[in-house]
Amino acid sequence: VPIGIEAAIVSYTKDVASMPMLVARCESDVIGFLSLNLHNKHTAEIHVIGIQREFHRQGVGRELVQAAEYFLDARGFKFQAVPQGKDLLLRSNRL
């Protein structure tokens, strides 16, 4: 059962319906996910990432982020928008 404010969960669910989504599995069970907001042909950002609590601090999130970077690089994206508090930084995929 997701933890959080129901209105936010409903909003995220609607948002991610049209976004690329990567999933992490343990055997046949989904244990995490990451959805990408593709702003244009050059820039994308992680819209939401979620990991089941019992798999926190085991590298699942890191692996999803690395898979997202590979996904974006393979499709020619040049930048990832990275939230930093209230600011948004751009990170180049070509460094």
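Residues numbered from 1 in each chain as written. Predicted model: local features only at pLDDT ≥ 70, side-chain atom pairs only at ≥ 80, totals over all residues. Heavy atoms only, no water.

**Thoughts on unusual backbone geometry**
So, point 1. With phi around 60°, Glu27 is a residue other than glycine that occupies positive phi space.
So, point 2. In this model, Arg57 sits at a positive phi of 65°, which is unusual for a non-glycine residue.
So, point 3. Note on placement: Arg57 falls in the loop between β3 (43-51) and α2 (60-74).
So, point 4. You can call Arg57 exposed: its relative accessible area is 85%. (Helix = DSSP H or I, 4+ residues; strand = E, 2+ residues; numbered from the N terminus. Buried < 20%, exposed > 50% of the residue type's maximum accessible area, 1.4 Å probe, protein only.)

**Thoughts on the nonpolar core**
So, point 1. Residues Leu22, Leu34, Leu36, Val60, Leu64 and Leu72 are the most contacted members of the largest nonpolar core, which totals 13 residues.
So, point 2. Looking at this core, the elements that each hand over two or more residues are β1 (21-26), β2 (29-38) and α2.
So, point 3. Among the elements that make up this core, the one with the highest residue count is α2 (five residues). (Core = buried A, V, L, I, M, F, W, Y, C linked by side-chain atoms within 4.5 Å.)

**Observations concerning α2**
So, point 1. For α2, with 15 residues, the first-to-last C-alpha span of 21 Å sits near the 21 Å given by 1.5 Å per residue.
So, point 2. Three or more residues of α2 are buried, namely Val60, Leu64, Ala68, Phe71 and Leu72. Within α2, the buried residues cover an arc of 110° as seen down the axis, which keeps them to one side. Of the residues in α2, the exposed ones pointing more than 90 degrees away from the buried face are Arg62, Glu63, Tyr70 and Ala74. (Expected span 1.5 Å × (residues − 1). Arc of directions from axis to C-beta.)

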